[in-house]
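These are the residues of each chain, in order.
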Amino acid sequence: MRVRLNPAFLFLIPALTLILVFYVVPLILSVYIGFTPLQRWNLNRMGSITAYNFERLFYMMFHDPDFGKVIRTTIVFTAFTLAINVLGGLGLGLALYLMDEVLSLPYRILWLLPRMTPVAVYSLLWYYFFLGGEEGTLNSILLRLGVINEPLSWGTDPRLLPETAWVILILVNGFVGVSFGMIVFYSAFHSIPREQVVAARVDGATTSQIVRHVLIPQVRWHIVYVTVWQLLSLLTTFAHIFLLVEWGAVHRWWGSTWALYVFNVAFKTYEQGLAAAAATVLVIIGAILGLVALRILKFKEMMVEPKGEI
Amino acid sequence: MQDSRSRASVKSLLKREIGKIRGRLKPPAYRGVWDVETIDRRRLNLLLALVLGLAGLPVFMLYVLLVMSSFANTMLSGPDIFSARYSIENWRMLFEGRLSPAAGQQYTTRDIIMIIVNTLVVALGVTAVVLVVSVMAGYAISRMRFRGRTRLMELMILLHAFPGVALIIAVYAIYVWTLGFIPTENTFAYKSYMMVYTVFARAALEIPMSIWLMKGFFDKIPWEVEWSALVDGASRFKVWREIIIPLVKPGISALAIFAFLAGWEDLIYVHVFLYPEIKTLATFIEEVVGSIETTYLPVVAAAGTLYLLPTILFFVLTQQLLLQALSGGVKA
Amino acid sequence: MVSQRNLLIIGIIVIIIVAGVAIIALRGKETTTPTTTQPSTPSTPAPQTTTSPTPTETKTPEKPKLTGNLEQDLINIARYLSAKGIKEAKFTVWSAGDPNSVLRTYAIVEAAYRLNKILEKNGIDFKIVIVNPQFKRGGGDELASDFIKAFQSKTNPDIMANSFKHIAPFVEEGYLLDITDYVKAYKNTELKDYYESLMTAVTYKGRIYGLPQDTEARPLYWRTDVAACIKEKTGVDVLAGLAEKVEKGEVTWKDVYKYAKMAVENGCSEWGVLHRKGSAHPDLIQFIFAFGGMLEDPNTGKLVLDVPAVYKWLYVEWKMARDKLIPADMMSWDWAKQIHPSVVSGKTLVWIGGTWHWTEWQSKDYYKDPKTGEVRKLTAEEVKKFFYYTLFPAGEPGQKPVTLSQPFVWLIASNAGKDNPNYDELKDIYHMLVFLLVVKANDPDLVAIHSIISAHLPIREKAAELIADKAWVDKLAKLEIELSDEVKAKIAEIVEATVNPINVEFLADASKLLKYTHLTPMHPRYPQLADILRDAVDSVLRGERTPEEAVQYVISKIKADPELAKVVEIKGEVPSSWQFP
């Protein structure tokens, strides 16, 4: 008798290899680097193992007068943007699914544009949109309409902070994030066997009933996925915030999330040891939140066992 | 072991079954999801279009300004759309690779075509790797039994908690280390290795997400389809390739967009691994916008618009794939 | 169906590309590994095998040393290498800047050309080759981080022109070559007329790690039309002998405040003072020096937070913003839409700018012509007509005026010459050769040309003399100068567009500011401190904090990072009795 290799393994080899080489090994290395005084990419001088990076990081967090703002911003930003990304994405995907294709395609392109645009250009557009002077797009419109009588610095005016800075962050990121959900849900709705919809329709169900009882339950897996994925993205990335802060479109601290804070502390000064330590802390927090989210969303129940093999 | 006659009858039965399923999946023509009209289509369309249009208005405005700026002599932001001068000068400058003017209208020139080719190679390379790898793995996780299946899925999404920017420290260390084995004298091999490494490293970042996505799509395929084929005596691999893949085209189309965009827009990986020999549109635009204090922004607007065109094209293509899966049904 | 075929085609192309690249990469690796074990590779063919049998070894010259005579040193080195069978030395150079600063890279190419000419003249069979010179658009910071990364895989350039501030961190990591001894040999010859203040920019912990390449200065620009308006309305002639008064310390920031107030109150301009956005470094740092403060302790090498000076600086900004002389949101204004247009159309009396703005205003459409309503560039004549400039005035009576420079410097990598044969044995020789290249790249005419076409200030007196020499400038304008064809072609267009008598005169005149120049600290943690100061300025301008609170904020931010706290000395107390204006 030959020992039979589980065929699943064959299908998984490429993925596992890539994950091993580009995720697991770097992950371990990264944690290791977090315990070294590596500086300025000088890989030839790694130095000896120390926990100093972690000590310093925590010391900074507890003593930095701006850290409280960063934490509050992160919580508000993550919560609202996540809601927009998941619910907005779901709504958008649904609406586009229900629309005629002639209308739906241009709309999908429009809503996908922010994701397609180079981050720098996208940030530039919003930077000019919220620009403080009367040259800013928003200011010029509102001035024309008579809503305001002098131009406002939307993201930085102390009288408007922190809410306006938060709104800008959420808006700018929401428009990018929502398209992720849109594409996933739109495709997911389309992969639902059509006869189910048709059958419901024949039975006399209204549109909203079809949506609630036929369509939404079928994309539960995708909802879990989009939620957890976006949660982790929002906690760890900052590409679309970075330039807005750098260019002064939003207040430095009411516009910085935790990930950007870590980046600024650790990466700008070319201290990779510190950066890796910071990343490790980020990951631990992210992983815990991610696991909690998976429990809440009842991920295990969705991992139904394959229905046997022949 | 069954005797050949009963086996043949099971076969034919299942074949008929597959035929039915395929028939169901193959409607005459795709006209939206409403085969049975019970409500006023036009009203629903109008309502949805209005809501989405209003919500997307700011974005729409921004992009109109972007495209207009690419023809203007200044980056437009509002009332200046009436006072600006318009010409195709910016586009000419872009294709001649002339960017920010300095004193006396001087430029550093760049080979923009080469930059576009580089970007395409990276983006399509990432797409190819991601598609092949995740469609295989997604299938295995959705349809096959093995130990640690649930754990693997959990692990995979949690991997996303590790941001690329943090991971890159270590990925870069590995890169430097492996690059030592490539002879520097052979520039072509050297550059190819840089490119391939970048493509795989970048693709790897997309893998966990793609597998998750694909698993969801595989889950929806009725089991009968697969069983019947397996009973036909096809190998697992053959079934995957010939029967299952065509059924997950919507998923593949979604995946392809994300993978393509990931490669197309990547900044960090391309920058760290490929700079300065190989430049892509994204790193190029970043470089130009980076010196915002002195840069001439209308050319950036042109570059940004140019950058969008292939992505839109790619998107429309993948959407056709998606719709085809819906209207064309499954081919044998 | 058509689109499916398209997709298939795309898919196939992708796979072919990826597979092809992979195969070539792998094969490249296989085929070249054996060749490297053989003595000769195609790129460096004959010399080793052909020269070794010939009895050159018998007359191998002695290992050369630098004497200070460039020609002699070059000949010695070339003879030595040539005798070792090496007929060619390859070097690489990177630099960055605005497009007009191409000489930051091509001066090295020109230097190689000039050195080769000397060798040719002396009949020595040896050549210096500059491989793939890179000039990058943009700032030096990115270039520096690219250098660092490239250094790890030994693909870094041998020579890089970059801001002097990178010296400290680079030296700490061992990326730079210590050229103290070489500089000593040349101190009294080629390097004699370099500005002394700029040589301190390349000195770190008593050792020298580079040579200055170019520099700038930061004048205070005054609008002549706004000043004329003030004179008309109040009878006070602001500009009368102003440059001298500022230089003598008779006009200080208290007066600037007064004049700014006059301008705004009399409706002559919308604002009194405008300055850069987004960063306190480097323009606003001048305030610290102008109030007699310092940023670095020369004895300990530590950074300094000079509390009284910083407080006074923040107070000036706070007070001016409260009186609406500086916009409260100055730090987030846009360069292209707000700052430059406001400055060039006279919406402010004073602009805290830099020497490069003189040509910046001539190169982009910032000016709205009041007659035609057209948005256009300023002409050189208009810039001269609209703007008067002085040093950055002293903060208060008793202090001195200042300006600030951030020189670009030539840096030599510690592994310079790495791409050449027998590197381990001969690296000293290669290092000397690179040094000679850099010295040659700073020939007075090259420095002068670079200054003129890129609107930078020269780093040596001989170059400044050339810039002031009208006859020579005329020749440059006609390109009647000795340059290799390659470099001449590179700069021809730029010369044509930039050599303008008004601008050249400005440069020659602005070079005088360098006498008062200060440098920002070269400390690795200075950028961190500068970031904190930026936030403090921003918050006082907006009125979020009083100057006193802002100083406390700066202190608490410094203390929050143990590594920063370790290297920053906090000196002095808030002078609470201090009055402004």
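Our structure's up above, just so we're on the same page.
How each quantity is defined
Residues numbered from 1 in each chain as written. Chains lettered and ligands numbered in written order. Predicted model: local features only at pLDDT ≥ 70, side-chain atom pairs only at ≥ 80, totals over all residues. Heavy atoms only, no water. Contact = heavy atoms within 4.5 Å. Salt bridge = Lys/Arg side-chain N within 4 Å of Asp/Glu carboxyl O. Polar contact = N/O pair within 3.5 Å; in protein donor to acceptor, adjacent residues only side chain to side chain. Helix = DSSP H or I, 4+ residues; strand = E, 2+ residues; numbered from the N terminus. Nonpolar A, V, L, I, M, F, W, Y, C, P; charged D, E, K, R; others polar. Core = buried A, V, L, I, M, F, W, Y, C linked by side-chain atoms within 4.5 Å. Buried < 20%, exposed > 50% of the residue type's maximum accessible area, 1.4 Å probe, protein only. Pairing = 2+ DSSP bridges. Disulfide = S-S within 2.5 Å.

Chemist: Tell me about the interface of chain B and chain A, and please be specific about residues and values.
Modeler: It is common to give the size of an interface as the accessible area lost on bringing the parts into contact. In this assembly, 113 residues from chain B lie in contact with 115 residues from chain A. At the surface where chain B touches chain A, the tally comes to one salt bridge. In this structure, A:Arg295 and B:Glu154 form a salt bridge, with 2.9 Å as the shortest nitrogen-oxygen distance. Taken together, the links from chain B to chain A amount to eleven residue pairs in polar contact (both at pLDDT 80 or more). Tallying contributions element by element places helix α8 (residues 187–219) of chain B first for the side of chain B that touches chain A, with 14 residues. For the side of chain B that touches chain A, a count of residues per class yields 85 nonpolar, 15 polar and 13 charged.

Chemist: Can you explain the nonpolar core? Please cite residues and give values.
Modeler: In this structure, A:Tyr225, B:Trp212 and B:Phe273 are the most contacted members of the largest nonpolar core, which totals 212 residues. The element contributing the most residues to this core is α8(B), with 18 residues. With 205 residues, the next largest nonpolar core counts C:Phe170, C:Ile285, C:Trp358 and C:Phe506 among its residues.

Chemist: Describe the environment of C:Leu476, with residues and values.
Modeler: Residues and elements named next belong to chain C. Tracing the chain through its elements places Leu 476 in helix α20 (residues 470–477). Among the residues examined, Leu 476 registers a relative accessible area of 0% and is labelled buried. Distance from Leu 476 to Asp 445, taken between C-alpha atoms, is 9.7 Å for residues 31 residues apart in sequence. Excluding anything up to four places from it in sequence, Leu 476 contacts Ile 449, Ile 452, Ile 481, Val 495 and Val 499.

Chemist: I'd like a description of the pattern of salt bridges, backed by residues and values.
Modeler: Enumeration over the complete set of coordinates arrives at 58 salt bridges over all chains. Its salt-bridge partner being C:Asp445, residue C:Arg114 comes within 2.8 Å of it at the nearest N-O pair. Residue C:Arg114 is found in helix α4 (residues 103–121), and its partner C:Asp445 is found in helix α18 (residues 444–454); the two are separated by 331 residues along the sequence. For C:Asp255, the salt bridge identified is with C:Lys258, shortest N-O distance 3.5 Å. Placement of the pair is C:Asp255 and C:Lys258 together in helix α11 (residues 253–265), with a separation of three residues, close to one helical turn. Classification of C:Asp255 by relative accessible area gives buried; the value is 16%. A single network of salt bridges, built from pairs that share partners, joins A:Arg56, A:Glu271, C:Arg525, C:Asp561, C:Glu563 and C:Lys566.

Chemist: Account for the pairing of strand β3 (residues 159–163) of chain C, naming residues and giving values.
Modeler: All names here are of chain C. Across the five residues of β3, five count as buried, placing the element largely inside the fold. Sheet analysis places strand β1 (residues 88–97) next to β3, joined by three bridges and oriented parallel. Within β3, the residue paired with Val 93 across the bridge is Ile 159.

Chemist: Explain helix α14 (residues 335–344) of chain C to me, and be specific about the residues and the numbers.
Modeler: Think of an α-helix as 3.6 residues a turn; residues three or four steps apart then line up on the same face. Residues and elements named next belong to chain C. Within α14, nine of the ten residues are buried, leaving the element largely enclosed by the surrounding structure. Among the residues making up α14, those that are buried are Trp 335, Lys 337, Gln 338, Ile 339, His 340, Pro 341, Ser 342, Val 343 and Val 344. Backbone geometry just downstream of α14 places Gly 346 in the positive-phi region, at approximately 70 degrees.

Chemist: Now, about unusual backbone geometry: what can you tell me, with residues and values included?
Modeler: Backbone torsion omega between A:Leu161 and A:Pro162 reads -5 degrees, so that peptide bond is classified as cis. Structurally, the position occupied by A:Pro162 is in the loop between α6 (137–145) and α7 (163–190). The step from C:His281 to C:Pro282 runs through a cis peptide bond, and the omega angle for that step is -5 degrees. In this fold, C:Pro282 is placed in the loop between β8 (271–274) and α12 (286–290).

Chemist: Now, about the state of the cysteines: what can you tell me, with residues and values included?
Modeler: Residues and elements named next belong to chain C. With the rule as written, the count across this model stands at one disulfide over all chains. Disulfide pairing is shown between Cys 229 and Cys 268; the S-S distance is 2.0 Å. On the sign convention where negative is left-handed, the bridge of Cys 229 and Cys 268, at about -75 degrees about the S-S bond, is left-handed. Here Cys 268 lies in the loop between α11 and β8 and Cys 229 lies in helix α9 (residues 224–234), a separation of 39 residues in the sequence. For the pair shown, Cys 229 and Cys 268 are each scored as buried.

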